[in-house]
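The residues making up each chain are set out below.
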Amino acid sequence: MGYRYLEHATDAFIEVTANTLEEAFENAGISVVDTIVDIKLVEEKIKKKIEVCGKDLNNLLYNWLEEIIIITITEGFVTKRFFVKLEKNNGYKIEAILNGEEIDIKKHHFKVEIKAPTFHLMEIEQEDKLVVMRFLLDL
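To keep things clear, this report deals only with the structure shown in the data block. (Residues numbered from 1 in each chain as written. Predicted model: local features only at pLDDT ≥ 70, side-chain atom pairs only at ≥ 80, totals over all residues. Heavy atoms only, no water.)

Right, let's talk about the overall build of the protein for a bit. Within the protein one finds 3 helices and 7 strands. Whereas a compact globule of 139 residues would reach a radius of gyration of roughly 14 Å, the protein reaches 14 Å, a difference of no more than 12%. Per-residue burial for the protein yields a buried fraction of 47% across its 139 residues. Restricting to contacts in the protein with at least 6 residues of sequence separation, those with at least 24 account for 67%. Of the roughly 7,300 Å² that the protein leaves accessible, carbon and sulfur atoms contribute 48%. For the protein, the distance from the average site of its 18 positive side-chain charges to the average site of its 26 negative ones is 4 Å. (Helix = DSSP H or I, 4+ residues; strand = E, 2+ residues; numbered from the N terminus. Rg over C-alpha atoms; globule rule 2.2 N^0.38 Å. Buried < 20%, exposed > 50% of the residue type's maximum accessible area, 1.4 Å probe, protein only. Contact = heavy atoms within 4.5 Å. Areas by Shrake-Rupley, 256 points an atom, 1.4 Å probe, with all protein chains shown as cover. Lys, Arg positive; Asp, Glu negative; His and termini not counted. Charge placed at Lys NZ, Arg CZ, Asp CG, Glu CD.)

Right, let's talk about the pattern of salt bridges for a bit. Enumeration over the complete set of coordinates arrives at 13 salt bridges. One salt bridge in this structure joins Lys 93 and Glu 95, with 3.3 Å as the shortest N-O distance. A single network of salt bridges, built from pairs that share partners, joins Arg 4, Glu 15, Glu 123, Glu 125 and Arg 134. (Salt bridge = Lys/Arg side-chain N within 4 Å of Asp/Glu carboxyl O.)

Further remarks concern the sheet that holds strand E4 (residues 77–89). Ordered in space as E3-E5-E4, the 3 strands form an open sheet in which the pairing is antiparallel. Unpaired on one side and paired on the other, strand E3 (46–54) and E4 mark the two borders of the sheet. Across the sheet, the axes of successive neighbouring strands diverge by a mean angle of 20°, strand direction being ignored. Pairing geometry for E3 and strand E5 (residues 91–102), over 9 bridges, is antiparallel. Bridge pairing links Gly 54 to Tyr 92 in E5. Running at roughly 150° to E4, helix H1 (residues 21–36) makes contact with E4 and E5 of the sheet. Its contacts with the sheet place helix H2 (residues 57–74) against E3, E4 and E5, and it is angled at close to 145° to E3. (Pairing = 2+ DSSP bridges. Axes fitted to C-alpha atoms, helices over the stretch in contact; angles between N-to-C directions.)

All told, the structure shown has 4 aromatic pairs when counted by the stated rule. Taking 4.6 Å as the distance between ring centres and 10° as the angle between the ring planes, the aromatic pair formed by Tyr 62 and Phe 119 counts as stacked. Of this pair, Tyr 62 sits in helix H2 while Phe 119 sits in strand E6 (residues 116–127), and the two are 57 residues apart along the sequence. Overall, Tyr 62 belongs to the buried group, its relative accessible area being 17%. Where Trp 64 meets Phe 82, the ring centres are 5.6 Å apart and the plane angle is 65°; that geometry is what we call edge-to-face. Of this pair, Trp 64 sits in helix H2 while Phe 82 sits in strand E4, and the two are 18 residues apart along the sequence. Taken as a pair, Trp 64 and Phe 82 share a single burial class, namely buried. Every member of this aromatic cluster is reached through a ring pair, and the members are Phe 25, Trp 64 and Phe 82. Positioned over the ring face of Phe 77 is Lys 48, at 5.2 Å from the centre of the ring. (Phe/Tyr/Trp six-rings, centres within 6.5 Å; stacked < 30°, edge-to-face > 60°. Lys NZ or Arg CZ within 6 Å of the ring centre and 35° of its normal.)

You will see that His 109, though not glycine, has its phi angle at about 55°, which is positive. Mapped onto the fold, His 109 is located in the loop between helix H3 (105–108) and E6. The residue Asp 128 is not glycine, and still its phi comes out positive at about 45°. By the secondary structure assignment, Asp 128 is in the loop between E6 and strand E7 (130–138). Of the residues examined, Asp 128 reaches a relative accessible area of 87% and is grouped as exposed.

On their own, these measurements won't tell you what the molecule is for.
Quick look at the structure:
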């Protein structure tokens with residue numbers, strides 16, 4: 001399971017597959033970082049803890065993607081691995097540990113800047129032991 005890029009004329013259209021929602025959110029985070037830099041070059045030197053909330057799963061996915069973009073582009077922290085814990089109460093909450101390091105444009109081979117995630121074409125499908133997410137990142 002993992003992620004792949006789907007055909008789109010101007011933006012990054014990504015499909016994530018996983019066995020659980022937690023794994024799907026982890027793979028979605030990896031896909032965002034790998035869109036921005038070469039994730040294979042990132043080392044796990046620092047741990048960072050974050051929380052993200054959403055009123056429903058689509059809103060949670062949007063907020064999750066947006067937070068990963070902010071952490072990467074604005075805060076300059078690139079993540080190699082994500083460890084996600086998902087809770088459902090009145091809405092949804094992710095508590096996550098991010099393992100990575102400070103961004104180094106030369107080392108990590110900057111690819112492209114992501115402006116924002118969008119709700120356009122966003123889907124989350126859950127069947128048995130398969131979760132499929134599709135989302136568009138505005139480049």
